[in-house]
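Below are the chains, spelled out letter by letter.
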Amino acid sequence: MNFDRNTVIGFVLLALLLFTYLFISTKNSHELEAKKQHYTDSVAQVQNHIKDSFSRIPDTTINQPVQPGELATRGVETLTVIENEVVKISFTNKGGQPKQVELKNYKSLNSKAPVVLNNTAFDKISYGITTSNGSAQVSDLYFMDPKVVKNADNSQTIIYQAPVPGKGNVTHQFTVHPNDYLIDWDVQLSGADKMLTQGNFNLIWQNEPSQHETDVVYERNQTTVCFYDEDGFDYMQTKSARTLGKPVQWVSASQQFFNTSIIAAKDKFTSGDVKFIKNQNDTTSKVAEVTTTLQTKVPLGPNVSIPLRLYYGPNDYAILRKYKDQVPEMDKIVNLGRDMYAFVRPINKYIVMPVFGFFKSFIGSLGIAILLLTLFIRLFTSPLVYTSYLSGAKMKALRPEIEKLKVKYNNDQQQVGVEQMKLFREAGVNPLGGCLPAVLQIPIFFALYSFFNSNIDLRGVGFLWADNLASYDAILSWKTSVLGMTHLSLFTITAVLTSFLISLYNMNMTPDQNNPALKYMPYIFPFVLFFVFNRLPAALTWYYTVSNLITLILQFVIQNYIINHDKILAKIDENRKKPKSKSKWQERLEQMQAAQQAAQQAQGKKK
């Protein structure tokens, strides 16, 4: 190797710095840390100097034409653009594959530029072949100028070829269909028996999703790797590695609203593995780094065709669902409920999505459509909710009676509890009836959280003061994290305030407020909600606000205009005169209370 003067000086300086490092390593620990930093900075400068020195040495091999019989591992990269109504794909002759894909109908919310996928230096697809000089990766080959064909069905086909001297030819054929995000990719190997060892086709797919939403941290948290194997759909969200031991049909690197996928069009990949890296402390626009290796066996023979597909597009349920015959369960990339919350997926598929789609079809504002969806949900659950409100009204009517019990038994909580249960039974009141609205909210909340969090139609759509219903509506932002927050959401404030009012109202309806848990719940619950809701999509907190307002209005109207307290008291007196049979649960509860009371009395006598 030939070295110029600058290179020699660089190595000498590096040697001197290493010697200096060894000398100062005998100093005390504080000095050592300072010197280490100085050493690191100095080495970086020297390495940059060496790099600059080498860069001045002209590389005479790059511009040399590939000689006949030589593998094309050098050349000039050229791009060919193929587009349809929804995508603009730039293909490169280096590796004969897509270089970047622009989605025409979507813009990055962080830059306002069109969404571009597969556009980093890390992104590539490759597989190894045997050559006359050993082995090579297809992604390093410079294919010949492509041939572009316009087909009768208005699809377009681009064909790349790369000769492998002494072995055969590699052909990559891509077909882009009209108004479609799914691309057909046919790998054709002429001389496959010479290029693939024992018919092993080992594909390497690298993908580095970049930021397209306003909050890169939240987008990073929502990013997953999804795949479909013999056991059906599965995904990775927190794991950093996964071995795919069963035949795999497709793998997808999925962000919150977009995904890039590779699909086996005919025979599944026999096995593979995935490495998934997400750095939550990364301050750049890099969302994740996914490296997937997939293996399959091809028939031993001179000519082999491996049909694959590529998807570059949105996580739109309707779009992904239409590929169900070609790509099974790809619609599950859209998270409508997974794992322990999988029970809410049918709620979203068969109730929430059709109803929301109906309102959206004739309402111009998605915020109003969410309001109408909320009204529908409350109307749908109204029979059960009304029963619970009626129970709450009866509880309020019984408060004077319960106060008399407290005076009668001198605030003996145990005895008051026993007598209170008798009173509830005589009055025909279910003390847990008021809990029903809260219980109903649980599956509905998780269903709507999944729905609003993954609904691409809400992305970038404004309503009132919120400019993006798919993200939080920050009315105030700051750089330094305070209690894990860097912003304040106004819809979160309205949701929390209305929840606080409901808690106060329910506490006023509760007969016994001596329980500390009940006494402080109106303050604790909204406080917890605030930290949970502050980073959630504005669509969800808007729904919660509307739902809470409906609850307050219904409770006020029912309590003051529908329910007649005098009639309730008369009905209670009537029920008291009727013989009441105890349920087994009531009998066990009273037995437990009586036993606990006896134990307390016995303990008091010992003292």
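Below, the structure is looked at part by part. (Residues numbered from 1 in each chain as written. Predicted model: local features only at pLDDT ≥ 70, side-chain atom pairs only at ≥ 80, totals over all residues. Heavy atoms only, no water.)

The number of helices and strands found in the chain is 16 helices and 21 strands. Within the chain, buried positions represent 46% of all 607 residues. Of the contacts formed within the chain by residues at least 6 apart in sequence, a portion of 65% connects residues at least 24 apart. For the chain, the exposed area adds up to about 31400 Å²; of that, 57% sits on carbon and sulfur atoms. (Helix = DSSP H or I, 4+ residues; strand = E, 2+ residues; numbered from the N terminus. Buried < 20%, exposed > 50% of the residue type's maximum accessible area, 1.4 Å probe, protein only. Contact = heavy atoms within 4.5 Å. Areas by Shrake-Rupley, 256 points an atom, 1.4 Å probe, with all protein chains shown as cover.)

Reading across the sheet, the 9 strands line up as 7-8-9-10-19-16-15-12-13 and stay open at both edges, with antiparallel pairing between neighbours. Only two strands of the sheet have a single neighbouring strand rather than two, namely strand 7 (147-150) and strand 13 (232-236). Averaged over all pairs of adjacent strands, the angle between their axes in this sheet comes to 20 degrees, without regard to strand direction. Where strand 12 (residues 224-229) and strand 13 come together, 5 bridges link them in antiparallel fashion. For Asp 229, the partnering residue across the bridge sits in strand 13 and is Gly 232. (Pairing = 2+ DSSP bridges. Axes fitted to C-alpha atoms, helices over the stretch in contact; angles between N-to-C directions.)

Glancing now at the packing of helix 6 (residues 345-362) against helix 7 (residues 366-380). Two measures define how a pair of helices packs: the angle their axes make with one another and the distance between the axes. Close contact between helix 6 and helix 7 brings their axes to 9 Å; oriented N to C, the two are set at 130 degrees. Considering the angle they form, helix 6 stands oblique to helix 7. In this structure, the crossing between helix 6 and helix 7 has a hand that is right-handed. Listed contacts from helix 7 to Ile 351, Val 352, Val 355, Phe 356, Phe 359 and Lys 360 of helix 6 are Leu 366, Ala 369, Ile 370, Leu 372, Leu 373 and Phe 376. Tallied by class, residues from the contact of helix 6 with helix 7 come to 11 nonpolar, no polar and 1 charged. (Parallel < 35°, antiparallel > 145°, perpendicular 65-115°, else oblique. Left-handed = near helix turned anticlockwise from the far one by under 90°. Nonpolar A, V, L, I, M, F, W, Y, C, P; charged D, E, K, R; others polar.)

Take helix 6 next. Across its 18 residues, helix 6 extends 25 Å between first and last C-alpha, which sits within 8% of the 26 Å expected from 1.5 Å per residue. In the structure, helix 6 departs most strongly from a straight axis at Val 352, where the bend amounts to approximately 35 degrees and where the proline Pro 354 lies between one and four residues downstream. Taken residue by residue, helix 6 has Arg 345, Asn 348, Val 352, Val 355, Phe 356 and Phe 359 as its buried positions. (Expected span 1.5 Å × (residues − 1). Bend = angle between axes of the 7 residues up to and from the residue.)

Okay, the pairing of strand 6 (residues 134-137) next. Inspection of the sheet shows strand 5 (residues 124-131) paired to strand 6 by 4 bridges, in the antiparallel sense. Residue pairing in the sheet places Gly 128 in a bridge with Gln 137 of strand 6. Count of turn residues in the strand 5/strand 6 antiparallel hairpin: 2 residues.

Moving on, we come to the sheet that holds strand 6. Strand order in the open sheet formed by 6 strands is 6-5-11-18-17-14, and the pairing between neighbours is antiparallel. Edge strands, defined here as strands with exactly one partner in the open sheet, are strand 6 and strand 14 (241-244). Shown here is a sheet whose adjacent strand axes are inclined to one another by a mean of 15 degrees, direction ignored.

A few words now on a nonpolar patch on the surface. A cluster of nonpolar side chains, Val 482, Leu 483, Ile 524, Phe 527, Val 528, Phe 531 and Val 532, forms an exposed patch at the surface whose accessible area comes to about 660 Å². By residue number, the principal contributor to the nonpolar patch is helix 13 (residues 516-533), which donates 5 residues. (Patch = residues over 30% accessible without salt bridge, like charges linked within 9 Å, V, L, I, M, F, W, Y side chains within 5 Å. Salt bridge = Lys/Arg side-chain N within 4 Å of Asp/Glu carboxyl O.)

Turning next to the pattern of salt bridges. With the rule as written, the count across this model stands at 12 salt bridges. Here Arg 309 ties to Asp 184 by a salt bridge, and the two come within 3.3 Å at their closest N and O atoms. A residue pair is termed long-range when its members are at least 10 positions apart, and Arg 309 in strand 19 (residues 303-314) and Asp 184 in strand 10 (residues 182-190) qualify at 125 residues. Looking at Arg 309, the relative accessible area reads 14%, which means it is buried. Assessed through its relative accessible area of 24%, Asp 184 is described here as partly exposed. Of the charged contacts in the structure, one is a salt bridge between Lys 246 and Asp 231, with a shortest N-O distance of 2.8 Å. Of this pair, Lys 246 sits in the loop between strand 14 and strand 15 (248-254) while Asp 231 is found in the loop between strand 12 and strand 13, placing the two residues 15 residues apart along the sequence.

Within the fold, Trp 185 resides in strand 10. By relative accessible area, Trp 185 is classed as buried at 2%. The spacing of Trp 185 and Leu 310 is 125 residues in sequence and 7.0 Å in space, taken between C-alpha atoms. Here Trp 185 is in contact with Ile 125, His 172, Gln 173, Phe 174, Leu 203, Ile 262, Ile 306, Pro 307, Leu 308, Arg 309 and Leu 310, once residues within four sequence places are set aside.

All told, the structure shown has 25 aromatic pairs when counted by the stated rule. Both rings, one in Phe 233 and one in Tyr 235, keep their centres 6.5 Å apart while their planes meet at 20 degrees; by these two values the pair is stacked. As far as the burial class goes, Phe 233 and Tyr 235 line up, both buried. Through a chain of ring-to-ring contacts, the aromatic side chains of Tyr 341, Phe 445, Phe 446, Phe 533 and Tyr 544 assemble into a single cluster. The ring of Tyr 235 carries the charged tip of Arg 338 above its face, separated from the ring centre by 4.5 Å. (Phe/Tyr/Trp six-rings, centres within 6.5 Å; stacked < 30°, edge-to-face > 60°. Lys NZ or Arg CZ within 6 Å of the ring centre and 35° of its normal.)

Before going further, it helps to spend a moment on helix 9 (residues 399-408). Listed in full, the buried residues belonging to helix 9 are Ile 402, Leu 405 and Lys 406. Each buried residue of helix 9 lies within a common arc of 100 degrees when the element is viewed along its axis, so the set occupies one face. Along helix 9, the residues that are exposed and aim more than 90 degrees away from the buried face are Lys 404, Val 407 and Lys 408. Immediately beyond the C-terminal end of helix 9, within one or two residues, lies Asn 410, with a positive phi of roughly 55 degrees. (Arc of directions from axis to C-beta.)

Of note, Arg 338 is situated in the loop between helix 5 (317-321) and helix 6. Along the chain, Arg 338 and Ser 450 lie 112 residues apart, while their C-alpha atoms are 8.9 Å from each other. Setting aside its immediate chain neighbours within four residues, Arg 338 contacts Thr 224, Cys 226, Phe 233, Tyr 235, Lys 332 and Ile 333.

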